[in-house]
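Listed below, chain by chain, are the residues.
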Amino acid sequence: MKKVYYACLILMGLMSSVGWAQEKQVTGTVFDENGLPLPGVNIIIEGTTTGTQTDFDGNYSLRVNQGQVLLMSFVGYQTQSLTVGSSDVINATMVLDSSLSEIVITAQGIKREKKALGYAVSAVDPAVIESKPEADVSRILTGKVSGVEVNAGGGFLGSQTNVIIRSKNSISGSNQPLYVVDGAPISGGRSYDIDGSNIASLTVLKGLAASTLYGQDGRNGVIVIETKTGQAGASTQKKFEVEVSSKSSILEVANLPEFQNKYGQGADNTINTTYYGTWGAAFAGQVVPHHLSIVDYASSFPEYQGATDIYRAIPNNVSDFFDLGRGQNTSVNISKNFEGGHGVSASVGHVDQVGYIPQNSLRRLNLNFGGRTQLSNKLSLNTSVLFSNVYTRRPTRDFFTLLTWIPRNLDIHNLPFEDPNDNSSVYYRTTQANPRWLQKYTGREETTDRTYVKSDLKYNISDKSSFSYLYSIDTYNEVNHDWYNSRNPYQEQGYLRTFTETNTTTNHRVTYQHNDISLGTDLKLNVVLGAEARSKNYSFLGMFSEGEIVFNFQNHDNYTTHKPIDGRGISNTLGLYGELRVDYQDYAYLTMAGRNDWGSTPEIKNNSLFYPSASLALIPTSMFEGLADSFVDYLKLRIGFGTSANFPDPYLTRLVLDADATAFVNTFTNNNLITNSLSSFLPNPDIKPELLKEVEIGIETKLFDNFIDIEMSAYKRITKDQILSSNLAASTGYTRTIINAGRVDTDGVEIDLTLNLFQNPGTGFNWSINNQFTAYETTVVELPVDRIDISSGLNYAIEGEAYGVFRGTYYARDDEGNLLINPETGKVIFSDALGLEDKILGDPNEDWRWTNVNTFSYKNITLSMQWDYIHGGDIWSRSASNLLRRGVTRDTENREGSYILPGVLGDPNTGEPILDANGDKIANTIQIGANDLYFINLMDVDEGIIYDASVIRLRDISLSYNIPGKLLDKTPFGSGSLTFSGNNLWYRAPNLPKYMNLDPEVLGPGADNPTNGKGLDFQNDPSYKQYSLGVKLTF
Amino acid sequence: MKDMFKFICRFSPGIILILFSLLSCETTELKLQDSPSQLTVPAAEANFVLNGIQLNMARQHVNLSSITNRIVRHTNQFGTYASSARTSTMNFAWARAYSITSNLNLLEDLSTVLNLPNQVGMGQVMEAFAYVNLVDMIGTAVYSEAVNPDEFPSPNLDSGQSIYDAMYVQLDEAIENLSATGSVQPIDIFYNGDMTRWIKLANTLKLKMYVTSKLSSPNPSAINAIVASGNYIKEEADDFQLYYSKQDVNPDGRHPFFTSDYITSAGTYQSNQFMYKLRFEKSIKDPRLPYYFFRQDLRHPLDIGEELGIGDDLLPCVNFNYDYCYIGDGYWGRDHGDDEGIPNDGVYRTAYGIYPGGGAYDTGNNNAPTVEVNSHLRGAGIHPMLTASFVKFMLAEAALPAPAGIGTTGNPRTLLEEGIRASMFKVADFSGVPMESAAVNAYVDVVLADYDAAANDQERLAIIIDEYYIALYGNGLEAYNNYRRTGYPDLQASVIAGTAFPRSFFLPESELNSNDNPDLVQKSLTDQVFWDTNPAGFID
């Protein structure tokens, strides 16, 4: 960030330096805050690369012109700028930098001092991102910024992550944040395209007051990334630098269930080795038929016909599917800066990772270029070009749905899984595909080429005002291939689907900035005016083929039938925006901004929306003399009000037809039957953009000599006239429509509290504890319909309830809450069997989350450890349903007794309790076996598989060592470091079935499946833990 | 050079603005409301809209048959009635009906320009059929306020009786439209554009409705009028049925019975009772037996188990002494309600045969798993909705004197015989495997002997409905209607502790979840539809 600041200063310096040319020798001493001489302070003449350093006694000497400005900088201190006057001696005292003058990037790339902001902005230390082996930048953000929630869609490498900043607000729309790279927006959420090694800064703008100027795309928060190559020419201090970093990692599966190994296949404690369930007898070496003694396999495997096997546990039959994964991450960054504000930079990054099964891999190549040049004194051009090629591969997710509950006595790795003659799937159940076969003969590949080009032409009208034009284009081509070979029971024909998804975002922006307009001595004005035209273009084009001809050859010519995949769309947004900032002395900052957008998605009459914002920052420690001298080092109070827009998705206003060219076969003509049908979506010509509002207050303070550092925000966000995708009763002729209605409110609080227990910068022992606390509650305040299905018929929006509550089927109960038991079976009666309406069963939203990071450093060694705790939040778990139902985990190991469900007898037809002769309810005394309990009974209603998902996790530990300068003196290296880290090392979710080891973090549809579902476990690929060793060298 | 720089610098803002406007014009267009990927409504092609209606109608019927096949024991019901009649069970059939209505409205709009009376008439017949099915299944439906989202975003239900009444009127209108000459020849997957057959269908549908509602509103004269006109489904060529094809992909046009049983292995259990009825109940085998069922293995399942060394694993029912369990002669399905775990018996259990699913004919020689059999129809089956034989049985029932029937014209005994023969003829003719006429005659003789021996009209009705039930195989919907109306045939009770027989189905959960009308409340499975005036608990 400082580099940018320097660049500004240098530019301004250049402009004012003309006409001065009296060189003389200046000397002086630089002191620290305690009055002691400070060695090693960098001193340069502003606007040049000429400079020196203070010696051991803090002295310096430099030839300089009168009127020039000396910039003095030292790590941990504020940069001092002193103008050379007539005196030949210039002494200076450095002031400790407690981030007071930290420069942050706000909306539309406008740089501001952090203290002047009336809203929350969090910056992430790029070193943290750089040191992780994780290829996806978003995953690294987990727990690094309060108010930011990251969920991975699964443990396969290349799974898209779901990032939510300050809760979900939109019921039907996207809640994903905007990514802005080097000042311009990029398309979609493919955060794993970004090269983590090339990140110079990462800033999160959380609230609407911060993001108003970005327009509607910024409504869910903005992740602002500045790349290293994009900073070329920004700093003249580093003339030539090469940075090399390399990380090697291994990973392993983190959450396999703990399986029981006492019982095998069968039902009701009786062996049947053809069953799915493992409810058979206890293992005792019984002789049972061989698993492949099946008539279908008589010709391929005659040896198994009539053969027998020993009924025994195969303890590792699931874990043997998994291997150690590995990864290698390498990057080289070269930059060269020239005098006069010119610079070039280039970097190459390469990632090569293999997941916990060999069929899952990720490869990425990043090529990044940046350049800045001063075309004339006043005109500069800054260009950034980023290219990435990402390849990911994995088998079908069907692989996992069967895998974790294969029978305990199935020796799957020592049995054939394919027919040696025709490669067809071979399994003990002919109606299921062998997971090993799926692993080998299905797959999904994604190859993406992404190009991002940004060019920024800036004209400095004066040293205070500038005019700039920015053009950016970000386009990616995602080539998707997924295939399922034939010769298995799931996909008789086999298929190959190939399509290219192209997404292009083009952005034009003109900005006029005028800073530091003085109105008297105390008042300063800063003005920004801008116009923006953004266009998003997407298309899908490809082919779906069925009827595989030659086995295991993936080319469309190898299939008998083909169907096109074709779709495209475009949406444009025009925006005009302005920002006015009033600074009063150095303690009051008022910012007012507004933007008007015109969008192409609604009908013309509804296409315009204006949304303003305002914020105020007050710094009492600067306001009142003496306040800063007490225990308070720094205090800032802020209040912000922000609004934003959400334009509807394209093509929702006009009625369309669904056309199907292959709906059926007309047997009279033997042609395919073509149908045209009215779409079941009822368009809404009156749909208009929705308006989001947010009020935010905050406090930032440093106490007791920086011992405590607190940043706190509280906010309330209201989204009214939501664009809702609402179900319609099928009897209206339509099943879905879109309306503007309803209101969702979020109240939230974010606290960052750092305790600097020991502070001995540079030399001694340092210990800091950083705590982040995030809590919010999102409530559906108004809804014009009874409910809206948010995801999968499980997460709903219901008036008065939390966003996304679970609604579903449940156990029937009497008016006192006793379970109703069917008197004929001893099993619970289900609500849906009685035709009872579904009800609310849980809330997937966590109550709060807390992250605790301890960082210790001593001399060159730094150790840090991050713990995350999430309190509350329910999950609906299909894993629990399948694993408990099949009796494979230790949760269902205690099974030889019988169970009596506590409850009263009820009539299975009416749902009324059955009364005895005295009119009393009758307690259930019917015994049932564990098999019935779990298989047929407990898992069949939604209520039975909803759990509290509170979880504590050791997110990571990292140990790094900075190679001391002394050791590097005789090498070409300027600096070097080694980092060892371990990620996702341990977790415990105490309220989930104990031995299932379900990881609540890999739940839910990720951005792959852009729904707003939450807390849904559809048996995703398990999560992983990772260990890595990284080396970074500069020279 | 310096001057030029100066010039550029001075006018940079202007240059930037010009660049902006030049480069950004493709991004400033705001009139982009029409999707480039979807057809607009005026582009609709009338025959394609009609074909959409046809598929919706047929799929509704197929869906309802697959639900009711299990309830009436044409195939095995796994578990209780409650698990076969869930709150979501009617979602699909319900949505299909309203899709028909909304597309029929579109067709009518197109007709004002193009003159498409035949397409509209066909649509009206199919719409009537779809609503009658909803009334028969659920007892009620949204009708008068349907498909008008602006006026009725939360429509009310109409009574079953009022919908029936409205459909009689609509069918008369349809007949008028079908008799007119339009400007566009329809594309038609049922009758290949033969309007005379559509008119027969319209009359036959009315006939079916009159017979179905014979208890609540007997109307013998209406039936007599249709019979007298002779303009109803009388011969095989008039049969209203969906034709499947052997095309296996893009689209898969094969019969669901075939895809269930002939691709990886048999995925459906046949009903032991139904197979018993055809194989053992009468003194002679039903000639349709080898057409309806295909035995993959003629051995006793326990013998197979012994050979495989898995004992009785293939036949869990032997441990529970269920009624039929294994009926003998290689016929091997499941008893009604049997919900034991499913063994790996897909290559042994009895599968669907050649009729109506387009599978294999069971010759009784060299039987083999379905996946290894080559001589089958590859799924080119039919789904029978209203056939000539069904009509004979309906008329036989109606011709019985009240109260068993309603005393319409015709001789029930003759009609019963004609019904059986028409069914046999159709099965054999469709399958292309001749049926021995001696066997048919012998079978007819046995049934007629029983009929003649019957003590009263109720017993005669039982025989008529029993034969109708056998002929209906594949069409569970009519069998379900018959069972509730007459109580016949006398069906096997569930072998497990069950729940009450569903006299109607739940309102679809999809409708209740999205229709905010407070008057819409869920009903009970024991509620009876308007034409079912029989006592509660009269069937199980």
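Figured I'd write up the structure that's included with this text. Predicted model only: the values in this text are computed from it and were never measured.

Rules behind the numbers
- Residues numbered from 1 in each chain as written.
- Chains lettered and ligands numbered in written order.
- Predicted model: local features only at pLDDT ≥ 70, side-chain atom pairs only at ≥ 80, totals over all residues.
- Heavy atoms only, no water.
- Helix = DSSP H or I, 4+ residues; strand = E, 2+ residues; numbered from the N terminus.
- Buried < 20%, exposed > 50% of the residue type's maximum accessible area, 1.4 Å probe, protein only.
- Contact = heavy atoms within 4.5 Å.
- Areas by Shrake-Rupley, 256 points an atom, 1.4 Å probe, with all protein chains shown as cover.
- Lys, Arg positive; Asp, Glu negative; His and termini not counted.
- Charge placed at Lys NZ, Arg CZ, Asp CG, Glu CD.
- Rg over C-alpha atoms; globule rule 2.2 N^0.38 Å.
- Polar contact = N/O pair within 3.5 Å; in protein donor to acceptor, adjacent residues only side chain to side chain.
- Buried area = accessible area lost by both parts, 1.4 Å probe.
- Salt bridge = Lys/Arg side-chain N within 4 Å of Asp/Glu carboxyl O.
- Disulfide = S-S within 2.5 Å.
- Patch = residues over 30% accessible without salt bridge, like charges linked within 9 Å, V, L, I, M, F, W, Y side chains within 5 Å.
- Axes fitted to C-alpha atoms, helices over the stretch in contact; angles between N-to-C directions.
- Parallel < 35°, antiparallel > 145°, perpendicular 65-115°, else oblique.
- Nonpolar A, V, L, I, M, F, W, Y, C, P; charged D, E, K, R; others polar.
- Core = buried A, V, L, I, M, F, W, Y, C linked by side-chain atoms within 4.5 Å.
- Pairing = 2+ DSSP bridges.
- Phe/Tyr/Trp six-rings, centres within 6.5 Å; stacked < 30°, edge-to-face > 60°.
- Left-handed = near helix turned anticlockwise from the far one by under 90°.

Each helix and strand in chain B was counted, giving 18 helices and seven strands. If one aligns the C-alpha atoms of chain B with their principal axes, the spans along those axes are about 115 × 65 × 45 Å. Looking at chain B as a whole, 62% of its 540 residues qualify as buried. If you take every contact in chain B between residues at least 6 apart in sequence, the share linking residues at least 24 apart comes to 75%. Working note: accessible area of chain B is about 18,600 Å², and carbon and sulfur atoms make up 52% of it. In chain B, which carries 36 positive and 64 negative side-chain charges, the distance between the mean positions of the two groups comes to 4 Å.

Before going further, it helps to examine the overall build of chain A. A tally of helices and strands in chain A yields 10 helices and 58 strands. Compactness check: chain A gives a C-alpha radius of gyration of 32 Å against a globular reference of 31 Å for 1035 residues, within 12% of the reference. Counting the 1035 residues in chain A, one finds 59% classified as buried. For chain A, long-range pairs separated by at least 24 residues make up 68% of all intrachain contacts whose partners lie at least 6 apart in sequence. Total accessible area on chain A is roughly 38,500 Å²; 55% of this is exposed by carbon and sulfur atoms. Averaged over its 84 positive side-chain charges, chain A has a centre that lies 5 Å from the centre of its 115 negative ones.

Moving on, we get to the environment of Asn-59 of chain A. All names here are of chain A. Positionally, Asn-59 belongs in strand β4 (residues 59-65). Its relative accessible area of 31% is what places Asn-59 among the partly exposed residues. Counting along the chain gives 30 residues from Asn-59 to Thr-29, while the straight-line C-alpha distance between them is 4.4 Å. When near neighbours in sequence (up to four residues on either side) are disregarded, Asn-59 contacts Gly-28, Thr-29, Gln-53 and Thr-54. Among the polar contacts made by the side chain of Asn-59, one reaches the side chain of Thr-29 at a distance of 2.7 Å.

So, on to the interface of chain A and chain B. Taken together, the contact between chain A and chain B spans 99 residues of the former and 99 residues of the latter. Interface area for chain A against chain B, summed over the two sides, is near 8,400 Å², with a carbon-plus-sulfur share of 60%. The largest per-residue losses of area from chain A upon contact with chain B belong to Phe-664, Phe-668 and Ser-731 of chain A, which jointly make up 9% of the total buried on that side. Run the count over chain A and chain B and you get three salt bridges. Its salt-bridge partner being Asp-832 of chain A, residue Arg-86 of chain B comes within 2.8 Å of it at the nearest N-O pair. Here chain A and chain B share 30 residue pairs in polar contact (both at pLDDT 80 or more) between them.

Here the focus is the state of the cysteines. Residue and element names in this part refer to chain B. Inspection of the entire model under this criterion finds one disulfide over all chains. The side chain of Cys-317 participates in a disulfide bridge whose partner is Cys-325; the two sulfur atoms lie 2.0 Å from each other. The chirality of the disulfide connecting Cys-317 with Cys-325 is right-handed, given an S-S dihedral of about 80°. Of the two residues, Cys-317 and Cys-325, both sit in the buried class.

What follows deals with a nonpolar patch on the surface. Residue and element names in this part refer to chain A. A surface patch of nonpolar side chains, amounting to about 740 Å² of accessible area, comprises Ile-861, Leu-863, Leu-959, Tyr-961, Leu-967, Leu-978, Phe-980, Leu-1029 and Val-1031. For the nonpolar patch, the secondary-structure elements that each account for two or more residues are β49 (861-871), β55 (951-962), β56 (975-988) and β58 (1024-1034). Its location among the elements puts Val-1031 in strand β58. Overall, the relative accessible area of 32% leaves Val-1031 in the partly exposed class.

All names here are of chain B. Summed over all chains, the structure comprises 81 salt bridges over all chains. We note a salt bridge from Arg-295 to Asp-329, for which the minimum N-O separation is 3.3 Å. Taken together, the residues Arg-295 in the loop between β5 (293-294) and α12 (301-308) and Asp-329 in the loop between α12 and β6 (351-352) connect sequence positions 34 residues apart. The class of Arg-295 is buried, set by a relative accessible area of 9%.

All names here are of chain B. Look at helix α2 (residues 46-71) against helix α17 (residues 476-486): their axes get within 7 Å of each other, and the N-to-C directions meet at 55°. Of the possible angle classes, the one that applies to α2 and α17 is oblique. Here His-61, Leu-64, Ser-65, Thr-68, Asn-69 and Ile-71 of α2 come into contact with α17, specifically with Gly-476, Leu-477 and Tyr-480. Counted by class, the contact of α2 with α17 contains four nonpolar, five polar and no charged residues.

So, about the nonpolar core. Of all hydrophobic cores here, the largest spans 154 residues; its most connected members are Tyr-98, Phe-190, Trp-198, Phe-240 and Tyr-292 of chain B. The leading source of residues in this core is helix α5 (residues 117-138) of chain B, at 12 residues. Once residues lying within four places of it in the same chain are set aside, the contact partners of Tyr-98 of chain B are Ala-730, Ser-731 and Gly-733 of chain A together with Tyr-131, Leu-134, Ala-141, Val-142, Ala-146 and Val-147 of chain B. Tyr-297, Leu-794, Trp-876 and Leu-901 of chain A belong to the second-largest nonpolar core, a separate cluster that totals 78 residues.

The next subject is the sheet that holds strand β45 (residues 805-808) of chain A. Through backbone hydrogen bonds, the strands of a sheet pair up, either in parallel or in antiparallel fashion. Residue and element names in this part refer to chain A. The four strands lie next to each other as β43-β44-β45-β47, forming an open sheet whose pairing is antiparallel. With one partner strand each, in any of the chains shown, β43 (788-791) and β47 (839-842) form the two edges of the open sheet. Geometrically, the sheet is characterised by an average inter-axis angle of 55° between neighbouring strands, direction not taken into account. Relative to β47, β45 is paired through three bridges, and the arrangement is antiparallel. Counted as the bridge partner of Phe-806 is Gly-842 from β47.

Turning next to the packing of aromatic side chains. On inspection of all chains with the given rule, the structure shows 67 aromatic pairs over all chains. Plain terms: the ring middles of Phe-320 of chain B and Tyr-322 of chain B are 5.5 Å apart, the flat faces sit at 20° to each other, and that makes the pair stacked.

Residue and element names in this part refer to chain B. Where helix α4 (residues 91-114) meets α5, the axes come as close as 9 Å, and the angle between the chain directions of the two elements is 160°. Of the possible angle classes, the one that applies to α4 and α5 is roughly antiparallel. Helix-helix and strand crossings are classified by hand; for α4 and α5 the assignment is left-handed. Side by side, α4 and α5 meet where Ala-93, Trp-94, Ala-97, Tyr-98, Ile-100, Thr-101, Leu-104, Leu-107, Glu-108 and Ser-111 of the first sit next to Pro-117, Gln-119, Val-120, Gly-123, Gln-124, Met-126, Glu-127, Ala-130, Tyr-131, Leu-134 and Ile-138 of the second. Classifying every residue of the contact of α4 with α5 gives 14 nonpolar, five polar and two charged.

All names here are of chain B. Within helix α10 (residues 272-281), seven of the 10 residues are buried, leaving the element largely enclosed by the surrounding structure. Within the span of α10, buried status applies to Asn-272, Gln-273, Phe-274, Met-275, Lys-277, Leu-278 and Arg-279. In the core, the buried residues of α10 are packed alongside α11 (289-292), β5 and α16 (457-471).

As a further point, take the sheet that holds strand β13 (residues 178-181) of chain A. Residues and elements named next belong to chain A. Strand order in the open sheet formed by five strands is β10-β15-β16-β13-β14, with mixed pairing between adjacent strands. Looking at which strands have only one partner, the edges of the open sheet turn out to be β10 (121-124) and β14 (184-185). Bridge count for β10 against strand β15 (residues 199-205) is four bridges, and the pairing is antiparallel. Pairing of Val-124 across the sheet is with Leu-202, part of β15.

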